[in-house]
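# Breakdown of the fold
Here's the letter readout for the chains.
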Amino acid sequence: MFYFRMLRPMRDRTAVAGLVKGLVCALVLIAAFARPNSIMAAEDFSDCRIEVLDGRVRLKNEDGTRVAKVGDTVANADTVVTGPSGRLRIKCGDRASFTIGAYSQIVFEKLTRASSNEKLVVRVARGIAGFIVYLLGSDRFEVHTPSAVATVRSTEWTIDARRKGTAVFVRKGVVDVSGSRGASPRAQLQAGDGVDVGLDGAVGTVKTWGQKRIDRMNARLGYDWE
């Protein structure tokens, strides 16, 4: 009888210990899923580096201006400026790739975010850039030019900011385009579509671009766009 009386409390303690262990494991799992989301929100494109570079390219930030080289890190608020023969490709892990052509000025306004409510933002002040971006869930990535705003999630597209306005072409996925001044109508581009946006922010008609125009744009970027 004494044996059975002792055994039951031991079983009770074992059951309680198992329950506690289960709760701890559950909390660990919850934390494991919750923390990457918060970390990802703060480090979406945190490891961006120049992968390949040709010609003269300058990198500007709060520390000044210097000649860029392969391996340089590109972070929030950095500006990349290319000369007449300059071009480069920036890789952000397996999340994004930015290819920049000659005579371009690209401001990487927000490559990382303090919260998931913020948008990732790159500004094409002038010139041409190709974007390959892979995001998760409801994340949004925006590219601003003086006349247009392009919003995407996961896709491949090019933007050419010129004196007469902005040209947007989609190679893969879907891109929403609007005028920077809120002019309507907006446009939604799918693979093979292109659109021109005037300096006044007026979005033109979405068209299927001819191969010659696509080839000219890709040749200006080079690398994996040709």
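For the structure, check the block above.
Presented here is an overview of the structure given in this document. Remember, it's a predicted structure, so these values are computed and weren't measured experimentally. One numbering rule holds for all chains: residues counted from 1, following each sequence as written. Confidence filtering applies because this is a predicted model: local features only for residues at pLDDT of at least 70, side-chain atom pairs given and counted only at 80 or more, and all residues used for totals across whole chains, interfaces and linings. To obtain the side-chain values, all non-hydrogen atoms of the structure were used and water was disregarded.

### So, unusual backbone geometry
What is expected of a backbone is that most residues other than glycine have negative phi and most peptide bonds are trans. Positive phi, normally seen in glycine, also occurs at Y103, with a value near 55 degrees. Of note, Y103 is situated in the loop between β6 (96–100) and β7 (105–110). The phi angle at Y223 is positive, at roughly 50 degrees, despite the residue not being glycine. Here a strand is any run of E in DSSP of at least two residues, a helix any run of H or I of at least four, and the numbering for each starts at the N terminus. Mapped onto the secondary structure, Y223 falls in the segment after α2 (211–221). Owing to a relative accessible area of 22%, Y223 belongs among the partly exposed residues under this scheme. Partly exposed residues are those whose accessible area sits between 20% and 50% of the maximum for their type, while under 20% is buried and over 50% is exposed, using a 1.4 Å probe and protein chains only.

### Some thoughts on the environment of R220
Residue position: R220 is located in helix α2. In sequence terms R220 and S85 are 135 residues apart; their C-alpha atoms lie 9.9 Å from each other. Among all residues touching R220, those that are not within four sequence positions of it are R87, G101, A102, I128 and D160. Two N or O atoms count as a polar contact when they lie within 3.5 Å, although within protein this holds only if one can serve as hydrogen donor and the other as acceptor, and sequence-adjacent residues are included solely when both atoms are side-chain atoms. Within the local environment of R220, its side chain forms a polar contact with the side chain of D160, the two groups lying 2.7 Å apart. Working rule for contacts: check all heavy atoms of both residues, and any pair within 4.5 Å makes them a contact.

### Quick look at the state of the cysteines
Cysteine sulfur atoms that pair up within 2.5 Å are treated as a disulfide. Per the counting criterion, the structure on display carries one disulfide. Disulfide pairing is shown between C48 and C92; the S-S distance is 2.0 Å. The S-S bond linking C48 to C92 shows a torsion near 110 degrees; that makes this disulfide right-handed. Pair noted here: C48 is in strand β1 (residues 48–54) and C92 is in strand β5 (residues 87–92), with a separation of 44 residues, a long-range link. Here C48 falls in the buried class, since its relative accessible area comes to 0%. On the basis of relative accessibility, which here comes to 3%, the residue C92 falls in the buried class.

### Regarding the packing of aromatic side chains
Working definition: a ring pair exists when centres of Phe, Tyr or Trp rings (six-membered ring for Trp) sit within 6.5 Å. Plane angles under 30 degrees give stacked, over 60 give edge-to-face, the rest tilted. Following the criterion strictly, the structure yields nine aromatic pairs and no others. Measuring from centroid to centroid gives 6.1 Å for F98 and F141, while their planes differ by 15 degrees, and the two rings are stacked. One end of the pair, F98, is in strand β6; the other, F141, is in strand β9 (residues 141–144), and 43 residues separate them in sequence. Summarising the burial analysis for this pair, F98 and F141 share the class buried. For the ring pair F131 and W157, a centre distance of 4.8 Å and an interplane angle of 20 degrees mean the geometry is stacked. Of this pair, F131 sits in strand β8 (residues 120–133) while W157 sits in strand β11 (residues 155–162), and the two are 26 residues apart along the sequence. One exposure class covers both F131 and W157, and it is buried. Through a chain of ring-to-ring contacts, the aromatic side chains of F45, F98, F108, F131, F141 and W157 assemble into a single cluster. Two limits define a charge over a ring: the Lys NZ or Arg CZ must be within 6 Å of the ring centre, and within 35 degrees of the ring normal. Lying over the aromatic face of W225, R171 brings its terminal NZ or CZ to 3.8 Å of the ring centre. Lying over the aromatic face of W209, R213 brings its terminal NZ or CZ to 3.7 Å of the ring centre.

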